Amino acid sequence: QKAEWALLKDAETRTADGKHFELAANIGTPKDVVGVNENGGEAIGLYRTEFLYMDSQDFPTEDEQFDAYKAVLEGMNGKPVVVRTMDIGGDKELPYFDLPKEMNPFLGYRALRISLSAGGDAMFRTQMRALLRASVHGQLRIMFPMVALLTEFRAAKQIFDEEKANLISEGVVVADDIQVGIMIEIPAAAMLADQFAKEVDFFSIGTNDLIQYTMAADRMNEQVAYLYQPYNPSILRLINNVIKAAHAEGKWAGMCGEMAGDQTAVPLLVGMGLDEFSMSATSILQTRSLMKRLDTVKMQELANKALTECGTLEEVAALVEAYTK
Ligand code: PEP
Ligand code: MG
């Protein structure tokens, strides 16, 4: 099996009926790019930049960030790289950044909420400038985490536009084709995806958080782990809503939560028409091999049934089994 996967390293990802899906990787540091290329990644679908902050004694400078982003973009040789702006807070703390103790950190002051507040504005603009400067070294895409409101996206996009204009007026060359998108990991945004789709360039569904927030079950709490159900029909309906909303506006929809590399979920996601699957690099070849065996028309039928006829995760899993064996 491993030998079969190795043969797929340089192959395109195609289903049995010849449809292409993009298999991308999640990374945390520039060093991870080696593994992405070794495993035949077609893109980076999630670069978690908070590690730049967490592995440092102080806020990383604009130049330090520029070096990291440039290294990743160059390492991918022109293939797309989705960089997520910092997602601090929740379970991720910074020793040098004094965040208030909260009762519910996962529901609190974190990620884009920090970036858009007075306390995070300077940090966010520094990151934006570093990204914009690095953009000429590859195919950069920028993504905002933890978006709940359309007005949050607009505010973040405005800061992107302002820093871009500032750099240009300073004589710095920046790419003109940077896509700007959002993570869909809050149910409110998943429900309102049709409105977001008019303004963003893409969606990437963050199922790790989307499931936690939809099920009201802390993703770190073993006691409620049984509620963490990627293919519960409620989650599938949210995901399907997001994909259809993106396509209605001619935008693409990806997924960068763990679910994107889950071998039971992949047939369903293929059936729903997800465009990009971003996972740990070590899952890419296995997923490419699985996709080779799937027929998209049959998977559409599978997804439809799961979306309209199933009430439990077990029913969905049994349906997938029946359609893929
Ligand atoms: C997610 O929430 O699905 C995600 C990809 O982001 P993180 O796991 O970093 O919260
Ligand atoms: Mg998340």
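- Per an unreviewed UniProt entry, the protein chain goes by the name Phosphoenolpyruvate-protein phosphotransferase and belongs to Pseudolactococcus paracarnosus.
- A UniProt comment under Cofactor (unreviewed entry) is attached to the protein chain, and it reads "Mg(2+)".
- Here the protein chain is described in UniProt, under the heading Subcellular location (unreviewed entry), as follows: "Cytoplasm".

**A few points about the pairing of strand 7 (residues 252-255)**
- In the sheet, strand 6 (residues 202-205) pairs with strand 7 via 4 bridges, with the strands oriented parallel. Residue F203 lies in a different strand from strand 7, and its bridge partner there is A253.
- Two elements, strand 7 and strand 8 (residues 276-279), share 2 bridges in a ladder whose sense is parallel. Bridged to M255 within strand 8 is F277.
- You can see the chain leave strand 7, run along helix 12 (residues 265-272) and come back into strand 8, and the turn it takes is right-handed.

**Observations regarding the nonpolar core**
- I44 and V242 are the most contacted members of the largest nonpolar core, which has 91 residues in total.
- By residue number, the principal contributor to this core is helix 11 (residues 233-248), which donates 8 residues.
- Aside from chain neighbours lying at most four places away, what touches V242 is I184, A190, A193, F203, I205 and A253.

**Here we look at the pairing of strand 1 (residues 22-27)**
- Most of strand 1 sits inside the fold, with 5 of its 6 residues counted as buried.
- As a crossover connection, the stretch from strand 1 through helix 2 (residues 33-38) into strand 2 (residues 43-48) is right-handed.

**Let's talk about the sheet that holds strand 8**
- The sheet built from 8 strands closes into a barrel, its strands ordered 1-2-3-4-5-6-7-8 with parallel pairing. Averaged over all neighbouring strand pairs, the angle between strand axes comes to 25°, with direction disregarded.
- Pairing of strand 4 (residues 139-144) with strand 5 (residues 179-184) involves 4 bridges; the strand directions are parallel. Looking across to strand 5, one finds that I142 is bridged to V180.
- Those strands touched by helix 13 (residues 284-292) are strand 1 and strand 8, and its axis lies near 160° from that of strand 1.

**Remarks on the UniProt feature "binding site: Mg(2+)" (unreviewed entry) in the protein chain**
- In the numbering used here, UniProt assigns the "binding site: Mg(2+)" (unreviewed entry) feature to E185 and D209. Sequence-wise these annotated residues cover 25 residues; spatially they are packed, their C-alpha atoms never more than 5.3 Å apart.
- Within the secondary structure layout, E185 lies in the loop between strand 5 and helix 8 (187-191).
- When the 26 C-beta atoms within 10 Å are taken as the criterion, E185 is described as buried.
- Discounting chain neighbours no more than four positions away, the residues touching E185 are M146, G206, D209 and L210.

**Let's talk about the site of ligand 1**
- Taken together, L46, R48, D87, E185, G206, T207, N208, D209, C256 and G257 make up all the residues around ligand 1.
- Counting residues per element, the ones that place at least two in the shell around ligand 1 are strand 2 and helix 10 (207-215).
- For the shell around ligand 1, the element with the highest residue contribution is helix 10, accounting for 3 residues.
- Partitioned by chemical class, the residues of the shell around ligand 1 number 2 nonpolar, 4 polar and 4 charged.

**Describing the environment of G89**
- Mapped onto the secondary structure, G89 falls in the loop between strand 3 (80-84) and helix 5 (112-115).
- Measuring from C-alpha to C-alpha, the distance between G89 and K2 comes to 38 Å, with 87 residues separating the pair along the chain.
- Not counting the four nearest positions on each side in its chain, G89 is found in contact with L99, P105, G108, Y109, R110, A111 and I114.

**Some thoughts on the UniProt feature "binding site: phosphoenolpyruvate" (unreviewed entry) in the protein chain**
- UniProt feature "binding site: phosphoenolpyruvate" (unreviewed entry): in the numbering of this structure it lies at R48, R84, N208, D209 and R219.
- Note on placement: R48 falls in strand 2.
- When sequence neighbours within four positions are dropped, the list of residues in contact with R48 reads G28, R84 and D87.
- Relative to the assigned elements, R84 resides in strand 3.
- Other than its neighbours up to four places away in sequence, R84 contacts L46, Y47, R48, T49, M143, P145 and M183.

Each value, and the rule that gives it
- Residues numbered from 1 in each chain as written.
- Chains lettered and ligands numbered in written order.
- Predicted model: local features only at pLDDT ≥ 70, side-chain atom pairs only at ≥ 80, totals over all residues.
- UniProt positions renumbered as here; feature names shortened; annotations may be inferred.
- Pairing = 2+ DSSP bridges.
- Helix = DSSP H or I, 4+ residues; strand = E, 2+ residues; numbered from the N terminus.
- Right-handed = clockwise from strand over helix to strand, strands pointing away.
- Core = buried A, V, L, I, M, F, W, Y, C linked by C-beta atoms within 7 Å.
- Buried ≥ 20, exposed ≤ 12 C-beta atoms within 10 Å, placed from the backbone.
- Contact = placed C-beta atoms within 7 Å.
- Axes fitted to C-alpha atoms, helices over the stretch in contact; angles between N-to-C directions.
- Near = placed C-beta within 6 Å.
- Nonpolar A, V, L, I, M, F, W, Y, C, P; charged D, E, K, R; others polar.

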